[in-house]
Amino acid sequence: MTKLQKEVTTGTDSKEDLLLTLKPASKGSGISVSISGKGAVQFSEEIEATVRQVLEEMGVTDASVEIVDYWAFDFTIRARTKAAVLHATGRDEVVT
Amino acid sequence: MVYTLRRSRIYVPGNNPRMLSTCDLFGADAVTLDIEDAVAPEQKLSARWLIAEALRDQPFGNSEVTVRINALSTPWGHRDLEAVIPTGRVEVIYLPKAESARDVQELDRVLTDLEEEHGLESGQTKIIPLVESARGILFAHDIATASHRIVALSFGGEDYTRDVGGEKTDTEEELAWPRSALVAAAKAAGVQALDTVYSNVDDLDGLYRQAVKMRQLGFDGKAAVHPNQVEVIHRAFSPSPEEIDYALQVMQAIEEAEAGGSGVIALGRKMIDKPVVARAERTLMIAALSGLIARDKLPERIREVL
């Protein structure tokens, strides 16, 4: 199990990117994902599925994720989620 | 003789998702996904993973896929490799600020370990050292021969100028010597020589003139920082119709001399010696790979190696 130590935001508000805020959550509370932004209406299910998959692969079981989407591609969603986890767990260097 | 076209390579900042998703549209011979100079220290992690994830499923067209990592002496270089190499998609690693054979050998060792660990073919990842300091230029031949993975040396003009305390001018005369030294070192090692960027993206005529000069100096290609520069660079590094025609005449003269059992080869009143033949072969190779001449128009000895 991967424990998040702090709240972190990754990404930008540029086109084809997203802003992703990852927050620690109490043990056993599971994963909650909220999505807003331009691409949210059409692709929120796909975005949420991608985020949940990356979190699962990285062993995160409890977290709150807030996303503002600017039509990000799948690879960007995966990368931003991964970078957020690595930073929030202190497993890699500073990230913005 | 197998020749890989590396007329142009375009830098793509690793922290820019939009550019990473359009690499296949640039038409460059190579794309260089950049985690080094184009990315601020606090964005290295994000850029590294954007590139790694883009490598997994984004299209790159016919472009050679290359990544410019951070130097291995920085806190980021090893992590860059650990993120991108497992994708199996990286054809070339650009090693910045290469100053010695040891720099290249260290990268070679790390690549060998990662390729083995991730089930990749040993040696499949090639290396292009970026030579961009006075020390790097002085040891350029050592660098070029430090690993069997090396396919080219690339020159970095901005960093070189800063390193020697010089001043970059419009004519770039101050870079004439290091450029020539790099070309000589690369060619003596049997690898390609690639030139630095032309940073004024609005001056396409100036880019063309400079790129032609670099081709005449012996460079095989030049870096681009904007998609608009790619076509101009291709034009500058492609043989003209007259050059292609002359190369065909040279090859025909050789074939006729061989058929006639003659040891002396002439084209009109000009003797054809070995360097002329080599240049003609190279011209036709580049012309063929650039789509400037149909395959069936090529001499058989060129067709065989394409």
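Cut-offs and rules
Residues numbered from 1 in each chain as written. Chains lettered and ligands numbered in written order. Predicted model: local features only at pLDDT ≥ 70, side-chain atom pairs only at ≥ 80, totals over all residues. Heavy atoms only, no water. Helix = DSSP H or I, 4+ residues; strand = E, 2+ residues; numbered from the N terminus. Rg over C-alpha atoms; globule rule 2.2 N^0.38 Å. Buried < 20%, exposed > 50% of the residue type's maximum accessible area, 1.4 Å probe, protein only. Contact = heavy atoms within 4.5 Å. Areas by Shrake-Rupley, 256 points an atom, 1.4 Å probe, with all protein chains shown as cover. Lys, Arg positive; Asp, Glu negative; His and termini not counted. Charge placed at Lys NZ, Arg CZ, Asp CG, Glu CD. Buried area = accessible area lost by both parts, 1.4 Å probe. Salt bridge = Lys/Arg side-chain N within 4 Å of Asp/Glu carboxyl O. Polar contact = N/O pair within 3.5 Å; in protein donor to acceptor, adjacent residues only side chain to side chain. Nonpolar A, V, L, I, M, F, W, Y, C, P; charged D, E, K, R; others polar. Pairing = 2+ DSSP bridges. Axes fitted to C-alpha atoms, helices over the stretch in contact; angles between N-to-C directions. Expected span 1.5 Å × (residues − 1). Domains from an automatic or database assignment.

### Some remarks on the overall build of chain A
- Across its full length, chain A holds two helices and four strands.
- Moving toward the C terminus, one meets the helices and strands of chain A in the order β-β-β-α-β-α.
- In terms of C-alpha radius of gyration, chain A reaches 12 Å, essentially the compact-globule figure of 12 Å for 96 residues.
- For chain A, the residues scored as buried account for 50% of the 96 residues in total.
- Summarising the internal contacts of chain A: among those between residues at least 6 apart in sequence, 76% fall at separations of at least 24.
- Just so you have it, chain A exposes about 4,700 Å², and 50% of that area is on carbon and sulfur atoms.
- A gap of 5 Å separates the mean positions of the 11 positive and 15 negative side-chain charges of chain A.

### What about the overall build of chain B?
- A tally of regular secondary structure across chain B gives 13 helices and ten strands.
- Scaling as 2.2 N^0.38, a compact globule of 306 residues should have a C-alpha radius of gyration of about 19 Å, and chain B matches this with 20 Å.
- If you line up chain B on its principal axes, its C-alpha atoms span 65 × 45 × 35 Å.
- Burial analysis of chain B (306 residues in total) assigns 53% to the buried set.
- Sequence-distant contacts, at least 24 apart, represent 69% of the contacts inside chain B between residues at least 6 apart.
- Within the structure as shown, chain B displays about 13,800 Å² of accessible surface, and the carbon and sulfur contribution to it stands at 49%.
- Mean positive and mean negative side-chain charge positions of chain B (34 and 48 charges, respectively) differ by 2 Å.

### Looking at the interface of chain B and chain A
- Taken together, the 20 residues of chain B in the interface contact 19 residues of chain A.
- Between chain B and chain A lies a buried interface of about 1,800 Å² when both sides are counted; carbon and sulfur atoms form 54% of it.
- It is B:R18, B:L45 and B:E53 that lose the most area in chain B upon contact with chain A, and together they represent 32% of the buried surface on that side.
- Where chain B touches chain A, the interface holds four salt bridges.
- Salt-bridge contacts for B:E53 lead to A:K82; the nearest nitrogen and oxygen are separated by 3.0 Å.
- Linking chain B to chain A there are four residue pairs in polar contact (both at pLDDT 80 or more).
- Taken together, the elements giving at least two residues each to the side of chain B that touches chain A come down to α1 (17-20) and α2 (44-57) of chain B.
- Looking at the side of chain B that touches chain A residue by residue, the classes come out as seven nonpolar, five polar and eight charged.

### Let's talk about the pattern of salt bridges
- What the rule picks out here adds up to 30 salt bridges over all chains.
- We note a salt bridge from A:E66 to A:K23, for which the minimum N-O separation is 3.0 Å. Here A:E66, found in strand β4 (residues 63-70), pairs with A:K23, found in strand β2 (residues 17-24); they are 43 residues apart in sequence, far enough to count as distant.
- In this structure, the salt-bridge partner of B:K222 is B:D195, at a minimum N-O distance of 2.8 Å. Note that B:K222 is positioned in strand β8 (residues 221-224) and B:D195 in strand β7 (residues 192-195), a separation of 27 residues in sequence.
- Judged by relative accessible area, which is 1%, B:K222 ranks as buried.
- Shared partners join several salt bridges into a network, and the residues in it are B:D34, B:E36, B:D37, B:R68, B:K97, B:D159 and B:R162.

### What about unusual backbone geometry?
- For A:W71, which is not glycine, the phi dihedral falls at a positive 65°.
- Tracing the backbone through its elements, the reader meets A:W71 in the loop between β4 and α2 (74-88).

### Description of the sheet that holds strand β3 (residues 64-68) of chain B
All names here are of chain B.
- Reading around the circumference, β1-β2-β3-β4-β5-β6-β7-β8 is the order of the eight strands in this closed barrel, with parallel pairing throughout. Looking at each pair of strands side by side, their axes are set apart by 25° on average, direction ignored.
- Relative to β8, strand β1 (residues 8-13) runs parallel, the two sharing three bridges. Residue I10 lies in a different strand from β8, and its bridge partner there is A224.

### Observations regarding α2(A)
Residues and elements named next belong to chain A.
- Its 15 residues give α2 an end-to-end C-alpha distance of 21 Å, which sits within 8% of 21 Å, the value for a rise of 1.5 Å per residue.
- Burial within α2 is extensive, with 14 of its 15 residues counted as buried.
- Among the residues trailing α2, G90 stands out with phi positive, at a value near 70°.

### Side note on the domain arrangement of chain B
- As far as domains go, chain B holds domain 1 (8-236) and domain 2 (241-303).
- Between the C-alpha centres of domain 1 of chain B and domain 2 of chain B the distance comes to 32 Å.

### Overview of the sheet that holds β2(A)
Residue and element names in this part refer to chain A.
- The sheet built from four strands is open, its strands ordered β1-β2-β4-β3 with mixed pairing. Of all strands in the sheet, those bounded by a partner on one side alone are β1 (8-11) and β3 (31-37). Adjacent strand axes in the sheet meet at a mean angle of 15° when their direction is disregarded.
- Relative to β4, β2 is paired through eight bridges, and the arrangement is antiparallel. Its bridge partner lying in β4, D17 is registered against Y70.
- Relative to β3, helix α1 (residues 40-57) is tilted by about 145°, and along the sheet it contacts β2, β3 and β4.

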